[in-house]
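Chain and residue survey
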Amino acid sequence: MKNLSELPNIGNAVANQLKQVGILDEDDLKSIGAEQAWLKIQQIDKTACINKLYALEGAILGIKKKLYCQTKEKKH
């Protein structure tokens, strides 16, 4: 189990937001999933955009957001 800030795409600001909404570590993030984590963050930060969702998904998968976005684009 990693600390949130050890995950790709998760800096101190996002880690703090996650902690504010009750997501304390990698296991919590994986359990709740990127979309639900993002929705919780949106409750405390109305500026949380789709890029934050992609960053959270990348963090769960262990890849940088840019690579996640490229993978997502190839599927369409």
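As a reminder, the structure under discussion sits directly above these lines.
In what follows, the accompanying structure is described. No experiment lies behind these values; they were computed from the predicted model shown.

Rules used in this analysis
- Residues numbered from 1 in each chain as written.
- Predicted model: local features only at pLDDT ≥ 70, side-chain atom pairs only at ≥ 80, totals over all residues.
- Heavy atoms only, no water.
- Axes fitted to C-alpha atoms, helices over the stretch in contact; angles between N-to-C directions.
- Helix = DSSP H or I, 4+ residues; strand = E, 2+ residues; numbered from the N terminus.
- Parallel < 35°, antiparallel > 145°, perpendicular 65-115°, else oblique.
- Left-handed = near helix turned anticlockwise from the far one by under 90°.
- Contact = heavy atoms within 4.5 Å.
- Nonpolar A, V, L, I, M, F, W, Y, C, P; charged D, E, K, R; others polar.
- Buried < 20%, exposed > 50% of the residue type's maximum accessible area, 1.4 Å probe, protein only.
- Lys, Arg positive; Asp, Glu negative; His and termini not counted.
- Salt bridge = Lys/Arg side-chain N within 4 Å of Asp/Glu carboxyl O.
- Polar contact = N/O pair within 3.5 Å; in protein donor to acceptor, adjacent residues only side chain to side chain.

Before going further, it helps to spend a moment on the packing of helix 3 (residues 34-44) against helix 4 (residues 50-61). Taken N-terminus to C-terminus, the directions of helix 3 and helix 4 make an angle of 140°; their axes are 9 Å apart at the nearest point. Here helix 3 is positioned oblique relative to helix 4, judged by the angle of their axes. In this structure, helix 3 crosses over helix 4, and the sense of that crossing is right-handed. Between helix 3 and helix 4, the contacting residues are A34, E35, A37, W38 and I41 on the first element and I50, K52, L53, L56, E57 and I60 on the second. Of the residues in the contact of helix 3 with helix 4, the class split is 8 nonpolar, no polar and 3 charged.

Turning to the side chain of D25, a few remarks are in order. Tracing the chain through its elements places D25 in the loop between helix 1 (12-20) and helix 2 (26-32). Although D25 lies buried, it forms no salt bridge, and the closest oppositely charged side chain, K19, sits 9.7 Å away as judged by the N-O distance. A distance of 3.1 Å separates a polar atom in the side chain of D25 from the backbone nitrogen of D27. Other than its neighbours up to four places away in sequence, D25 contacts M1, K2 and L4.

Counted by the stated rule, this structure contains 2 salt bridges. Between E26 and K30 there is a salt bridge, with its nearest N and O atoms 3.2 Å apart. Of this pair, E26 and K30 both sit in helix 2, 4 residues apart, which is roughly one turn of that helix. For K30, a relative accessible area of 44% translates into the label partly exposed. Close ionic contact of D45 with K52 constitutes a salt bridge, the shortest N to O distance being 3.7 Å. Note on D45: relative accessible area 16%, which makes it buried.

Here helix 1 crosses helix 3 at 90°, and the two axes come no closer than 9 Å. Taken together, the axes of helix 1 and helix 3 are roughly perpendicular relative to one another. Contacts between helix 1 and helix 3 involve Q17, L18 and Q20 on the former and, on the latter, A37, I41 and I44. Tallied by class, the residues present in the contact of helix 1 with helix 3 amount to 4 nonpolar, 2 polar and no charged.

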